[in-house]
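Letter by letter, the chains look like this.
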Amino acid sequence: MENINFLAFAMPAFFLFVYLEYKLAQRKKRPEIFNYESSVSNISIGLAERLINLFIAASFYQLFYYIYEHYRIFDIPGNFWIWIGLILATDFVWYWYHRLGHEVNFFWAAHIVHHHSEEFNFTAAARITTFQAIIRTGFWCILPFLGFHPKMVITMLLVHGAYSFFTHTQVIGRIKWLEYVFVTPSVHGVHHASDEKYLDKNYGDMFTFWDRMFGTFQEEEEKPKYGLTHPLKSYSFLWQHFHYYFEIYELWKRSKGFKARWDAVFGSPAAMDQDIRPMLEKRFLQDKTDRSHRLKFRNYLYIQLAVSTLILTVFTYYFGSLGFYDKIFGLSFIIITLINCGALLEQRKWIYYLEYSRLFILSTYFLYIENLAEYFLIPVIIMIAAEKMFSLSRKYQNLVLQMESAKR
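Residues numbered from 1 in each chain as written. Predicted model: local features only at pLDDT ≥ 70, side-chain atom pairs only at ≥ 80, totals over all residues. Heavy atoms only, no water.

**Q** Got a sec to walk through the overall build of the chain? Specific residues and values, please.
**A** The helix and strand inventory of the chain stands at 18 helices and 2 strands. For the chain, the C-alpha radius of gyration of 23 Å lies close to 22 Å, the compact-globule estimate for 408 residues. Taken across its 408 residues, the chain has 49% of its residues classed as buried. Put simply, of all contacts in the chain between residues at least 6 apart along the chain, 78% involve residues at least 24 apart. (Helix = DSSP H or I, 4+ residues; strand = E, 2+ residues; numbered from the N terminus. Rg over C-alpha atoms; globule rule 2.2 N^0.38 Å. Buried < 20%, exposed > 50% of the residue type's maximum accessible area, 1.4 Å probe, protein only. Contact = heavy atoms within 4.5 Å.)

Here it is in structure tokens:
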């Protein structure tokens, strides 16, 4: 991917806008806009998507070029009116990708993560998974197939993505006259709502006329309640990514006959058995019904997110010049850290295993840099000995997993 390093600046910009939104929410006396646990979860998922996409984004663009060079239908020039047409075409493709993402189980499994958050702010815009990025790239391929040059498509996708980021906020009130043409934060907030009258509405990303044309537009009336109709009972990084795939598989196992199993994968999420998720949560998750207490040592989570962001920013900037093992180190360290953040929010007692894993990765990488990789077992022996002698895992849990009353 050409000039990928400019993407490194997207992350500092993201945190700058989140900070400005947070301060504005405080000034407007709207503390409910931000929730600590949910924001951490949102940012963790966003960092993971940015990280993994570094490894596959080039393939996306290579696919655009391949389709354009071998299969394009028209030779579309790059004048002003064509750019206007591309804006409309991009949002039209998005509308149908987005709508199918809500109407087909397989697509919803990738998109549902974006709707987990019960808060609606800039951090919620980051809740995009790599699975979702792969699926929507398949839809974007329609544009080079029609004959739009890949450079135009890539540029428009960046503009499109930047616009949608700013529609995830509550600090901007309704702008009713603008809603006749453009998606506003109010319009998109309706899309994120779990209220029955707001369900499956407002799929457009930039323009509202697709929704008006196809009967899926709904203006904001009562204040929306954000999130899923059946909220997820976990902040686990891994569970949030994969729970709906487990649900599809469970429904598939319960189904009899080809049509029923086909519908389990490609049918409507509205037909999903509602007893499946509680059953799976009971099987795989610890009880999280008591929300009266929260993690006391929250600064530790902030530090981990800050370190992950810093490493990812540098990693992105120098990605093209990094070697294979450098990339594996960056990928492994950040992913384990993000999993650790979710485990901390869940107060999982096995998190110290992740800490040891990170220490092992760090020590092995430094040994590799110094051409001493053959001594990688020495840090392992030291860690095992330290654990046996000082019971570090127990002390770690007692310190890091302290709880306090969940007062906002």
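**Q** Let's hear about a nonpolar patch on the surface: which residues, and what values?
**A** A cluster of nonpolar side chains, Phe324, Tyr325, Ile328, Phe366, Tyr368 and Ile369, forms an exposed patch at the surface whose accessible area comes to about 640 Å². Within the residue set of the nonpolar patch, elements represented by two or more residues are helix H15 (324-345) and helix H16 (351-369). By secondary structure assignment, the location of phenylalanine 366 is in helix H16. (Patch = residues over 30% accessible without salt bridge, like charges linked within 9 Å, V, L, I, M, F, W, Y side chains within 5 Å. Areas by Shrake-Rupley, 256 points an atom, 1.4 Å probe, with all protein chains shown as cover. Salt bridge = Lys/Arg side-chain N within 4 Å of Asp/Glu carboxyl O.)

**Q** Explain unusual backbone geometry to me, using residue names and the numbers behind them.
**A** For aspartate 200, which is not glycine, the phi torsion reads 55 degrees and is therefore positive. Along the chain, the position of aspartate 200 falls in the loop between helix H9 (185-191) and helix H10 (209-214). In this structure aspartate 200 comes out as partly exposed when scored by relative accessible area, which is 42%. Phi at asparagine 371 takes a positive value of approximately 60 degrees, unusual for a residue other than glycine.

**Q** I'd like a description of the packing of helix H2 (residues 36-71) against helix H6 (residues 130-140), backed by residues and values.
**A** The interhelical angle for the contact between H2 and H6, taken along N-to-C directions, is 20 degrees, at an axis separation of 10 Å. Judged on the interaxial angle alone, H6 and H2 are roughly parallel. The handedness of the crossing between H2 and H6 is right-handed. In contact with Ala48, Glu49, Ile52, Asn53, Ile56, Phe60 and Phe64 of H2, H6 contributes Thr130, Ala133, Ile134, Thr137 and Trp140. When its residues are assigned to classes, the contact of H2 with H6 shows 8 nonpolar, 3 polar and 1 charged. (Axes fitted to C-alpha atoms, helices over the stretch in contact; angles between N-to-C directions. Parallel < 35°, antiparallel > 145°, perpendicular 65-115°, else oblique. Left-handed = near helix turned anticlockwise from the far one by under 90°. Nonpolar A, V, L, I, M, F, W, Y, C, P; charged D, E, K, R; others polar.)

**Q** Could you give an account of the pattern of salt bridges, naming the residues involved and the relevant values?
**A** A full pass over the atoms with the stated rule returns 15 salt bridges. In this structure, aspartate 75 and arginine 72 form a salt bridge, with 2.5 Å as the shortest nitrogen-oxygen distance. For aspartate 75, a relative accessible area of 60% puts it in the exposed group. Exposure remark for arginine 72: the relative accessible area of 32% places this residue in the partly exposed category. One salt bridge in this structure joins lysine 197 and glutamate 221, with 2.2 Å as the shortest N-O distance. Of this pair, lysine 197 sits in the loop between H9 and H10 while glutamate 221 is found in the loop between H10 and helix H11 (237-254), placing the two residues 24 residues apart along the sequence.

**Q** Before we move on, could you go through the side chain of glutamate 179 and cite the residues and values that matter?
**A** Residue position: glutamate 179 is located in the loop between helix H8 (150-165) and H9. Residue glutamate 179 is classed as buried on the basis of its relative accessible area of 2%. Aside from chain neighbours lying at most four places away, what touches glutamate 179 is Arg174, Thr184, Ser186, Val187, Thr208, Arg212 and Glu219.

**Q** How would you summarise the packing of H16 against helix H18 (residues 392-400) if you had to cite specific residues and measurements?
**A** Packing of H16 against H18 brings their axes to within 10 Å, and their N-to-C directions diverge by 115 degrees. Put simply, H16 runs roughly perpendicular to H18. Seen along the crossing, H16 lies across H18 with a hand that is right-handed. Residues Ile351, Tyr352, Glu355 and Tyr356 of H16 form the contact with H18, whose participating residues are Leu392, Ser393, Tyr396, Gln397 and Val400. Among the residues making up the contact of H16 with H18, the classes are represented as 6 nonpolar, 2 polar and 1 charged.

**Q** Which residues make up the environment of proline 269, and what values go with them?
**A** Positionally, proline 269 belongs in the loop between helix H12 (258-266) and helix H13 (276-284). The sequence separation of proline 269 and glutamate 103 amounts to 166 residues, and the corresponding C-alpha distance is 6.3 Å. Not counting residues within four places of it along the chain, the set of residues in contact with proline 269 comprises His102, Glu103, Val104, Asn105, Trp108 and Tyr244.

**Q** Could you give an account of the packing of aromatic side chains, naming the residues involved and the relevant values?
**A** Ring pairs (aromatic) are described by centroid distance and by the angle formed between their planes. As enumerated under the stated definition, the model contains 50 aromatic pairs in all. With centroids separated by 5.8 Å and ring planes inclined at 85 degrees, the aromatic side chains of tyrosine 95 and tyrosine 203 adopt a geometry described as edge-to-face. With tyrosine 95 in helix H3 (residues 80-103) and tyrosine 203 in the loop between H9 and H10, this residue pair connects regions lying 108 residues apart in the sequence. Tyrosine 203 sits in the buried class, given a relative accessible area of 0%. Where phenylalanine 329 meets phenylalanine 333, the ring centres are 5.8 Å apart and the plane angle is 35 degrees; that geometry is what we call tilted. Of this pair, phenylalanine 329 and phenylalanine 333 both sit in helix H15, 4 residues apart, which is roughly one turn of the helix. Take phenylalanine 329 and phenylalanine 333: they sit in the same class, and that class is buried. (Phe/Tyr/Trp six-rings, centres within 6.5 Å; stacked < 30°, edge-to-face > 60°.)

**Q** How would you sum up the side chain of glutamate 247? Please name residues and give values.
**A** In this fold, glutamate 247 is placed in helix H11. According to the relative accessible area criterion, glutamate 247 is buried, its value standing at 2%. Contacts of glutamate 247, omitting those with residues within four sequence positions, involve Met272, Ile276, Arg277 and Leu280.

**Q** Give me the environment of tyrosine 68: which residues, what numbers.
**A** Note that tyrosine 68 resides in helix H2. Given a relative accessible area of 13%, tyrosine 68 falls into the buried group. Between the alpha carbons of tyrosine 68 and tryptophan 83 there is a distance of 17 Å; along the sequence they are 15 residues apart. Discounting chain neighbours no more than four positions away, the residues touching tyrosine 68 are Pro144, Gly147, Phe148, His149 and Pro150.

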